[in-house]
Amino acid sequence: MKRLLSLSILLTFFASSCGGKLPPIEPGISLDVAPAVLLFPAEGGSEVLTVKADGDWGIAIENKEICSVSPNSGSKGDYGIEVSMKKNSSYEPVSTSITFMHGSARTKVEINQEAASKPENDPNINTPEGYTLVWHDEFDEEPKDSGNWRFENWAPGRVNNELQRYVAGGEKDGKKTAQVIDGVLHITAMQHNDEVISARMNSTKSWKYGYMEARIKLPKGKGTWPAFWMMPDDQSLGWPSCGEIDIMEEVGVRPNYTSSSIHTKSYNHVMKTQKTKEIYTTGAEDEFHVYACEWTAESIKFYTDGKQFFEFKNDGKSNNDTWPFNKTFYITLNLAWGGSWGGMNGVDPSALPTTMEVDYVRVFQKL
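Along each chain, residue indices are assigned from 1 in the same order as the chain's sequence is written. Whole-chain, interface and lining totals are the exception, using all residues; otherwise, since this is a predicted model, local features are given only for residues with pLDDT of at least 70 and side-chain atom pairs are given and counted only at 80 or more. As a rule here, side-chain values cover all heavy atoms of the structure and leave hydrogens and water aside.

Student: Explain the confidence of the model for the protein chain here, please?
Tutor: Caution applies to low-pLDDT parts of the model: their predicted coordinates are not meant to be read in detail. Confidence along the protein chain averages 91 in pLDDT terms, with 92% of residues attaining 70 or more. A score between 0 and 100, pLDDT records how confident the predictor is in each residue. Throughout, a contact is declared for two residues whenever any of their heavy atoms are within 4.5 Å. Scored below 50 in pLDDT, residues 1-25 shows 48 contacts in the model against residues more than four places distant or in partner chains.

In structure tokens:
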């Protein structure tokens, strides 16, 4: 529940500051700000401060990443100031402050935000030992409505010489490339007019370390390239220096062979140095299987149906070229058509439409 602690501070007579004394206030300068403390829930939101000054004023925000203020300056008169806090997804409370300034007058408004509630494990979900379920999508509603996913809107050929067009919202001209049917996500590649359309979905949340898994039935057809993988929020170094975690990939030209890989500046498929392992997964295109990775500061382990088959270890050298996996990554689900790997032996247009089915995606972390 939101609580506001109201306090009006008249700085004509005094001012307070954390960490030292303020210079004397010039005679005749007044600045009223109320309340002096704001408390926000973990979900974030907006509250209103009142400001009354007898001249021009401005502000300084301690942490602009989580807090914003509008308007952030004014002149003589009374103002209603909207203070907004972003959602706090951490399990620790956060705080910041806003300092209002008018001449030599200063007053600070403290802003506190509650911690996110630690989730309880769902008894119906098999949770790895030592982990807690922190995010999941069981696909009970359309991905474009759930708030869990954002869609790419890409033209053919943007990456890997792939032939498909990824469409916004998982739909184009009434043709749905991503939809939920009976509690299962269907990502479909299909012919539409003179091109193939499909979907590439990225989770709106991201994580540093955890156990990520999805239950998937793979599509059929020469030219298909389904994937369940992860990319970092910070891609400023470019690929492959930013890092990539491929939890599961398959190409239709090699049906039922699934692979897991990592890519870094030192280890990537362009240099033919990528760290990868391919296994035969019986019935991968006819039935659901669970694909997962366990990502810690020490290593990334890959699993199919709960059995580990590959591990990439941190070399401990603090070298981004070999271990860029110390930052937040988001999850991607997509179905490509053709491309440098999926189309290495051509494509079979008669296989279209073809569908990748996803029963769920889950993320567990050690809290």
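Student: It is not clear to me how the layout of surface pockets should be interpreted in this structure. Could you clarify?
Tutor: It is the rolling of a water-molecule-sized probe over the atoms that shows where space remains empty. Its boundaries defined by the atoms lining it, the largest pocket holds a volume of some 670 Å³. Buriedness for pockets is judged along seven lines, at least five of which must meet protein on both sides within 12 Å for an open set on the 1 Å grid over protein atoms alone, while cavities are sets there where a 1.4 Å probe fits but cannot get out, and lining residues have an atom within 4 Å of a point. As for the largest pocket, its lining consists of 31 residues, of which Asn160, Trp225, Glu244, Glu249 and His269 are closest to the centre. Each helix is a run of H or I in the DSSP string that is no shorter than four residues. Each strand is a run of E no shorter than two, and both are numbered from the N terminus. Elements that contribute at least two residues to the lining of the largest pocket include exactly strand E21 (224-232), strand E22 (244-249), strand E23 (257-263), strand E24 (275-280), strand E28 (329-337) and helix H2 (339-342). In terms of residue count, the dominant contributor to the lining of the largest pocket is E21 (four residues). If you list the elements that add at least two residues to the lining of the second largest pocket, you get strand E11 (132-137) and strand E19 (200-207). Grid points are joined across faces, edges and corners, and a volume is the space filled by probe spheres set on the points.

Student: Explain the pattern of salt bridges here, please?
Tutor: A side chain of one charge can pair with a side chain of the opposite charge if their charged atoms are brought near each other. By definition, a salt bridge exists where a carboxyl oxygen of Asp or Glu is found within 4 Å of a side-chain nitrogen of Lys or Arg. Scanning the entire structure with this criterion turns up seven salt bridges. A salt bridge links Lys217 to Glu357; the shortest N-O distance between them is 3.6 Å. With Lys217 in strand E20 (residues 210-217) and Glu357 in strand E29 (residues 354-365), this residue pair connects regions lying 140 residues apart in the sequence. Among the ionic pairs, Glu278 bridges to Arg254, the shortest N-O distance being 2.8 Å. Separated by 24 residues along the polypeptide, Glu278 in strand E24 and Arg254 in the loop between E22 and E23 bring together distant segments of the chain. Accessible area is worked out with a 1.4 Å probe on protein chains only. A residue is then buried under 20% of its type maximum, exposed over 50%, and partly exposed in between. For Arg254, a relative accessible area of 31% gives the class partly exposed.

Student: Explain the sheet that holds strand E8 (residues 77-85) to me, please; I cannot follow it from the model alone.
Tutor: Note on sheets: strands pair through backbone hydrogen bonds, and any given pair is parallel or antiparallel. Strand order in this open sheet of four strands is E2-E4-E8-E6, and the pairing throughout is antiparallel. Every interior strand has two partners, whereas the edge strands, strand E2 (31-34) and strand E6 (67-70), have only one. Geometrically, the sheet is characterised by an average inter-axis angle of 25° between neighbouring strands, direction not taken into account. At least two bridges found by DSSP between two strands is the condition for calling them paired. As paired strands, E6 and E8 are joined by four bridges and run antiparallel to one another. Paired with Ser70 across the strands is Glu82, a residue of E8. Where helices are involved, their axes are fitted lines through C-alpha atoms of the stretch in contact, as for all axes, and angles between N-to-C directions lie from 0 to 180°.

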